[in-house]
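Structure assessment
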Amino acid sequence: MAFENLTERMQGVFKNLRGKRKLTEEDIAQVTKEIRLALLEADVALPVVKSFVRKVRERATGFEVSEALDPAQQVLKIVDDELTEILGGGESQLQKSPKIPTVIMMVGLQGAGKTTFAGKLANRLKTEENARPLMIAADVYRPAAIEQLKVIGNQVGVPVFDKGTDVSPVEIVKEGLELAKQNKNDYVLIDTAGRLEIDDKLMNELEQIKEVANPTEILLVVDAMTGQVAAQVAKTFNERLDITGVIVTKLDGDTRGGAALSIREITGKPIKFAGVGEKITDLEVFYPERMSSRILG
Ligand code: GDP
């Protein structure tokens, strides 16, 4: 699971405080230095590390050490609060449009897990809300991507609208939305193209799709394993598309987890779900508080 090293490092930090009756300024300096290193090692983006450490230092310096409370516990509480905060505070639910269909657009780099996530979300909406989603295959650059979405659609029993690779993605989306209106689908999930890296052509196309689809949610799918790159990708996609939320995938892998910790602070947008495996049910609602507890062990 992600964050193993970070958890170990954090536990080390608090172990050194255990048994102390009072915290000196030096203790606090030492603790914040260790936390800083632990976060950097976990591949958290530097500006996020800096602001995190500053907040912890301010709060730890500010409190009166009460006789009743163990200083290690108090600092742990501060770190837990601040971790929860940079992970987004409370959970963020999927927004719904007042009028059906609610259109959800999936964006991200190739291989991040967009198509897989589209299937997981369709399955979740179907099983938990009894919804009738339609998926639109708008990645015309990779025939395999369309095929993959169809296979997933089949697996979860959700129809997939496609027009092969000869029609423009914008046209496909228009037609798909028409169909959804006719069929009274309550959700439309659009799987868009990704590339190996961000380029202008991709962004232009996504902007055009956004314009015709008028989505309630634009969810950026990022691979947790890519660490700082994921944070940078999130920044750029957010600037161009004004995304509404982020999905962090592959948190089940042996990742250092920094992406999950950086994204909220860098984009101001919430992480809504976490992908925790390749199976269709390997999707979790993202709860900042639980994630923080998990990290602190
Ligand atoms: P896309 O190019 O963004 O559509 O990415 P895909 O959905 O094709 O996913 C790329 C690879 O990542 C596939 O092999 C997926 O099975 C895998 N994958 C997606 N999400 C997860 C996840 O949460 N955990 C793990 N371990 N693998 C994932």
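Naming follows an unreviewed UniProt entry, where the chain appears as Signal recognition particle protein of Floricoccus tropicus. Recorded in UniProt under Catalytic activity (unreviewed entry), the annotation for the chain is "GTP + H2O = GDP + phosphate + H(+)".

So, the pattern of salt bridges
Per the stated rule, a full pass over the model turns up 22 salt bridges. When the shortest N-O distance is used, the salt bridge between Glu 128 and Arg 124 registers 3.3 Å. Of the two residues, Glu 128 and Arg 124 are both situated in helix 5 (residues 114-129); the distance of 4 residues between them amounts to about one turn of the helix. Overlapping salt bridges bring together Arg 59, Lys 77, Asp 81 and Glu 82 as one network.

Description of helix 2 (residues 25-41)
For helix 2, with 17 residues, the first-to-last C-alpha span of 24 Å sits near the 24 Å given by 1.5 Å per residue. Within helix 2, the full set of buried residues consists of Asp 27, Ile 28, Val 31, Thr 32, Glu 34, Ile 35, Ala 38 and Leu 39. Summarising the axial view, the buried residues of helix 2 lie within an arc of 160 degrees, below the 170-degree limit, and thus occupy one face. Projecting away from the buried face of helix 2 at angles above 90 degrees are the exposed residues Glu 25, Glu 26 and Lys 33. Asp 43 lies just past helix 2 and shows a positive phi near 75 degrees.

Describing the site of the ligand
The immediate surroundings of the ligand are formed by 18 residues, with Gly 111, Thr 115, Thr 116, Asp 252 and Glu 278 found nearest. In this structure, Ala 112 approaches the ligand through a main-chain N or O atom, which is 3.3 Å from an oxygen atom. In the environment of the ligand, an oxygen atom lies 3.5 Å from a nitrogen or oxygen atom belonging to the side chain of Lys 120. Alone, the ligand offers 580 Å² of accessible surface; in the complex the protein occludes 80% of this.

Quick word on the pairing of strand 5 (residues 217-223)
By the criterion of burial, strand 5 is predominantly enclosed, with 7 of the 7 residues buried. Covered by surrounding structure in strand 5 are Glu 217, Leu 219, Val 221 and Asp 223 together with Ile 218, Leu 220 and Val 222, the residues of both alternating faces. Summarising the sheet, strand 1 (residues 102-107) and strand 5 pair through 4 bridges and their orientation is parallel. Among the inter-strand pairings, Met 106 is bridged to a residue of strand 5, identified as Leu 219. With 5 bridges connecting them, strand 5 and strand 6 (residues 245-249) associate as parallel partners. In the sheet register, Leu 220 faces strand 6, and the bridge partner there is Val 246.

Comments concerning the nonpolar core
Residues Val 79, Phe 237 and Leu 261 are the most contacted members of the largest nonpolar core, which totals 74 residues. With near-sequence residues (within four places) excluded, Leu 261 lies in contact with Phe 3, Leu 6, Leu 39, Val 44, Val 48, Leu 83, Ile 86, Leu 87 and Ile 295. In terms of nonpolar packing, the next biggest core, distinct from the first, is built from 25 residues, Ala 118, Ala 131, Ala 137 and Val 221 among them.

Regarding the pairing of strand 6
Within strand 6, 5 of the 5 residues are buried, which leaves it mostly tucked inside the rest of the structure. Neither face of strand 6 is open: one carries Gly 245, Ile 247 and Thr 249, the other Val 246 and Val 248, and all of them are buried. Remark: the strand 5/helix 9 (residues 227-241)/strand 6 crossover connection has right-handed handedness. Here strand 6 pairs with strand 7 (residues 271-275) via 3 bridges, running parallel. Residue pairing in the sheet places Val 248 in a bridge with Ala 274 of strand 7. Handedness of the crossover is the feature at issue here: the chain leaves strand 6, passes through helix 10 (residues 258-267), returns alongside strand 7, and the resulting connection is right-handed.

Cut-offs used in this document
Residue numbers here run from 1 along each chain, matching the order of that chain's written sequence. Thresholds applied to this predicted model are a pLDDT of at least 70 for local features of residues and 80 or more for the giving and counting of side-chain atom pairs; totals over whole chains, interfaces and linings are not thresholded and use all residues. As a rule here, side-chain values come from all non-hydrogen atoms in the structure, and water together with hydrogens is ignored. UniProt positions are given in the numbering used here, feature names are shortened, and annotations may be inferred rather than shown by experiment. We define a salt bridge as a contact between a side-chain nitrogen of Lys or Arg and a carboxyl oxygen of Asp or Glu at a distance within 4 Å. Labels follow the DSSP assignment, with helices taken as runs of H or I lasting at least four residues and strands as runs of E lasting at least two, numbered in each case from the N terminus. A helix is expected to span 1.5 Å multiplied by its residue count minus one. Here the term buried applies to any residue with accessible area under 20% of the maximum for its type, exposed to any over 50%, and partly exposed to those in between, with areas from a 1.4 Å probe on protein chains only. Arc definition: directions from the helix axis to the C-beta atoms. Here a residue counts as near a molecule or strand whenever at least one of its heavy atoms sits within 4 Å of it. Between N or O atoms, a polar contact is any pair within 3.5 Å; within protein, one atom must be a potential hydrogen donor and the other a potential acceptor, and residues adjacent in sequence are included only when both atoms are from side chains. Method for areas: the Shrake-Rupley scheme with a 1.4 Å probe, in which residue coverage is limited to the protein chains shown. At least two DSSP bridges between two strands are required for those strands to pair. Residues enter a nonpolar core if they are buried and are Ala, Val, Leu, Ile, Met, Phe, Trp, Tyr or Cys, with the set joined through side-chain atoms within 4.5 Å. The criterion used for residue contact is that any of the two residues' heavy atoms lie within 4.5 Å. When the strands point away from the viewer, a crossover counts as right-handed if the route from the first strand across the helix to the second turns clockwise.

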